Amino acid sequence: MQIKINDVLKAYIEPLTEAEHAALERSLLAEGCRDALVLWDDILVDGHNRYAICQQHGIPFKVIQNTTFKSMEDVMLWMIDNHLGRRSVSDFQRGVLALRKKDILAQRAEEMAARAQAEDAAIAPPEPEGEAPVAPKVRTSREDIARAARLSTNTISQIEKIQKTATPELVEAVRAGTISINAAATVASLPPEDQVQAVAGGKKFLQQAAKEIREQRAASRPPKPAKPAPWEDGGEPPSLPSQPLTEVEHLRAEVAQLKEKNAALRAENAELRERIAQLVDAS
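Residues numbered from 1 in each chain as written. Predicted model: local features only at pLDDT ≥ 70, side-chain atom pairs only at ≥ 80, totals over all residues. Heavy atoms only, no water.

Per an unreviewed UniProt entry, the recorded name for the protein chain is Plasmid replication/partition related protein, and the organism is Pseudoduganella armeniaca.

Right under this line is the structure:
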């Protein structure tokens, strides 16, 4: 059988690093190709790197057919699940794969709903206005995606941001481990030219850029209002606290006392003004 290589499937999963490819080549040369390559008819689905190395060195290999595939989407979903189960896949790669799975499942749900609506319209009277067939429920929530990728929902959000706003240079830095997912999501908020410049500066420059962005965000946030002490809301200040007051509580108590003195002085001032007005009227 002539094995065919589909370029879309070959590029669908992240390529091996040079070190990983070299380690796989040494293993195949020493032990042979122990795991069979997976085919869909004559299209190679799993084992692209092993196939290329075996062809290069004349290493024998076996193949097996997966007869469950009915479409290219089935193949892609199988590839995603297969790689999500591997421990060598990085957190960023797992997040990307899980998001790809979500997109495929969501698209399938839309297509199924559209087909169901078309079939209902062909064999049944029109639905009352405002009613429509309910789309099949697909587990594509952020929690479902995070669970599939074995990541936190926050990390999934950061990976989504990187995919949407990061330049190819910054994405490659994340893949290579030069910058963390968290820091990359922060740097991705910069204009594209600044992202490229940050990546060109290297690991320390990227870390410093992420730190400066976080500090700027923290400085721009309005300060949280201090929670008033109970006596500032009209309650009685503690006369004999069971524990020594902190410096802040001590200052708050002084402020409350000054407010009381100020109110008393205002009342006394009003009373004096009234007396002066009475004396002026009497004269």
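Draft legend 1. Region of the structure containing the nonpolar core. Core analysis: the largest hydrophobic core is formed by 27 residues, its most contacted members being Phe-92, Ile-162, Leu-170, Ile-179 and Val-187. Among the secondary structure elements, those contributing two or more residues to this core are helix H5 (91-123), helix H6 (142-149), helix H7 (153-165), helix H8 (168-175), helix H9 (181-187) and helix H11 (203-220). When residues in this core are grouped by element, the largest group, 5 residues, is from H9. The residues contacting Ile-179, other than those within four sequence positions of it, are Leu-170, Ala-173, Val-174, Ala-184, Val-187 and Leu-206. (Core = buried A, V, L, I, M, F, W, Y, C linked by side-chain atoms within 4.5 Å. Buried < 20%, exposed > 50% of the residue type's maximum accessible area, 1.4 Å probe, protein only. Helix = DSSP H or I, 4+ residues; strand = E, 2+ residues; numbered from the N terminus. Contact = heavy atoms within 4.5 Å.)

Draft legend 2. H8, seen in detail. Residues of H8 that are buried: Leu-170, Val-171, Ala-173 and Val-174. Across the axial projection of H8, the buried residues extend over an arc of 155°, all falling on one side. Along its buried surface, H8 packs onto H5, H7, H9, helix H10 (192-200) and H11. Where H8 ends, the next residue or the one after it, Gly-177, has phi of about 80°, a positive value. (Arc of directions from axis to C-beta.)

Draft legend 3. The arrangement of the sheet that holds strand S1 (residues 37-40) in detail. Spatial ordering of the open sheet is given by S2-S1-S3, a layout of 3 strands whose pairing is mixed. The sheet is open, and its two borders are formed by strand S2 (43-46) and strand S3 (63-65), each paired with just one other strand. In this sheet, adjacent strand axes meet at a mean angle of 45° when their direction is disregarded. With 3 bridges connecting them, S1 and S2 associate as antiparallel partners. (Pairing = 2+ DSSP bridges. Axes fitted to C-alpha atoms, helices over the stretch in contact; angles between N-to-C directions.)

Draft legend 4. Region of interest: the packing of H5 against H7. Their axes nearest at 10 Å, the elements H5 and H7 cross at an angle of 80°. It follows that H5 is roughly perpendicular to H7 by the angle criterion. Touching Asp-91, Phe-92, Gly-95, Val-96, Leu-99 and Lys-102 of H5 are Ile-156, Ile-159, Glu-160, Ile-162 and Gln-163, all from H7. When its residues are assigned to classes, the contact of H5 with H7 shows 6 nonpolar, 2 polar and 3 charged. (Parallel < 35°, antiparallel > 145°, perpendicular 65-115°, else oblique. Nonpolar A, V, L, I, M, F, W, Y, C, P; charged D, E, K, R; others polar.)

Draft legend 5. Representation of the pattern of salt bridges. This structure, assessed with the given rule, holds 14 salt bridges. Between Asp-46 and Arg-86 there is a salt bridge whose closest N-O contact spans 3.5 Å. Separated by 40 residues along the polypeptide, Asp-46 in strand S2 and Arg-86 in the loop between helix H4 (72-84) and H5 bring together distant segments of the chain. Owing to a relative accessible area of 32%, Arg-86 belongs among the partly exposed residues under this scheme. As a salt-bridge pair, Asp-91 and Arg-94 come within 2.6 Å of each other at their nearest N and O atoms. Remark: Arg-94 and Asp-91 occur in helix H5; sequence separation between them is 3 residues, near one turn of the helix. With a relative accessible area of 39%, Asp-91 lands in the partly exposed category. The buried category is assigned to Arg-94, whose relative accessible area is 8%. Residues joined by salt bridges that share partners form a network here, namely Lys-102, Asp-103, Arg-142 and Glu-160. (Salt bridge = Lys/Arg side-chain N within 4 Å of Asp/Glu carboxyl O.)

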